[in-house]
Amino acid sequence: MTRWARRAAISPEWAGVGIRVNVLAPGIIATPLLEEQMARGEKEAVEGLPVPIGGRGNPADVGEWVAFMLSPAADFLCGSVIFLDGGSDAYFRTDDWPVSTGPVGVLRYLRRAKAWRARR
């Protein structure tokens, strides 16, 4: 989903017509669905997931992020992934982002920058 969103976000079909595509990636959020899972015997699995900040997320906090992402304050937010997970993603993927682009990545960056200028 995140790959699709980041690719689509910059496309003429989305960004080109003023539609901002972003992703909100919630972690363990205290919802009735989570309570059902835990009642079905998945409590140990849920509680075993690392959440560095501790506990569970609040559904109201997710709503606040959605409201922000839809507001004029987020007009320049495009192709972003917001992890609302208490640090779980950072725990699992500490060194995955940002990563060095390396020489090949720099060449790709330069080609894309040149192509962008040519389209203008």
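For the structure, check the block above.
Residues numbered from 1 in each chain as written. Predicted model: local features only at pLDDT ≥ 70, side-chain atom pairs only at ≥ 80, totals over all residues. Heavy atoms only, no water.

Peer 1: Looking at this structure, I do not really get helix 5 (residues 102-119). What am I missing?
Peer 2: Three- or four-residue spacings in an α-helix give side chains the same orientation, since the helix completes a turn every 3.6 residues. When the terminal C-alpha atoms of helix 5 are compared, their 26 Å separation across 18 residues agrees well with the 26 Å that a helix rising 1.5 Å per residue should span. Among the 18 residues in helix 5, 1 count as buried, and that is only a small part of the element. (Helix = DSSP H or I, 4+ residues; strand = E, 2+ residues; numbered from the N terminus. Expected span 1.5 Å × (residues − 1). Buried < 20%, exposed > 50% of the residue type's maximum accessible area, 1.4 Å probe, protein only.)

Peer 1: Looking at this structure, I do not really get the nonpolar core. What am I missing?
Peer 2: Across soluble globular proteins, nonpolar side chains show a tendency to be buried alongside one another. Ranked by size, the top nonpolar core spans 5 residues in total: Ile 28, Leu 34, Met 38, Val 46 and Val 51. With residues near it in sequence (within four places) discarded, Met 38 still touches Lys 43, Val 46, Glu 47 and Arg 56. (Core = buried A, V, L, I, M, F, W, Y, C linked by side-chain atoms within 4.5 Å. Contact = heavy atoms within 4.5 Å.)

Peer 1: What exactly am I supposed to notice about the packing of aromatic side chains here?
Peer 2: Aromatic ring pairs are defined here through the distance separating the ring centres and the angle between the ring planes. Tallying each qualifying case throughout the model produces 3 aromatic pairs. Summarising the aromatic geometry, the rings of Trp 4 and Trp 14 are spaced 5.9 Å apart at their centres and angled 85° between planes, so their arrangement reads as edge-to-face. Note that Trp 4 is positioned in helix 1 (residues 2-9) and Trp 14 in the loop between helix 1 and strand 1 (23-26), a separation of 10 residues in sequence. Centroid distance Trp 65 to Phe 68: 5.9 Å. Interplanar angle 90°. Geometry classified as edge-to-face. (Phe/Tyr/Trp six-rings, centres within 6.5 Å; stacked < 30°, edge-to-face > 60°.)

Peer 1: I keep staring at helix 3 (residues 59-70) and nothing clicks. Help me out?
Peer 2: Here helix 3 contains 12 residues, and its C-alpha end-to-end distance of 17 Å stays within 8% of the 16 Å for a straight helix at 1.5 Å per residue. Where helix 3 starts, the residue carrying a side-chain oxygen 2.8 Å from the main-chain nitrogen of Ala 60 turns out to be Asn 58. (Polar contact = N/O pair within 3.5 Å; in protein donor to acceptor, adjacent residues only side chain to side chain.)

Peer 1: I keep staring at a positive patch on the surface and nothing clicks. Help me out?
Peer 2: Judged by side-chain charge, Arg 108, Arg 111, Arg 112, Arg 119 and Arg 120 come together as a positively charged surface patch. By secondary structure assignment, the location of Arg 112 is in helix 5. (Patch = residues over 30% accessible without salt bridge, like charges linked within 9 Å, V, L, I, M, F, W, Y side chains within 5 Å. Areas by Shrake-Rupley, 256 points an atom, 1.4 Å probe, with all protein chains shown as cover. Salt bridge = Lys/Arg side-chain N within 4 Å of Asp/Glu carboxyl O. Lys, Arg positive; Asp, Glu negative; His and termini not counted. Charge placed at Lys NZ, Arg CZ, Asp CG, Glu CD.)

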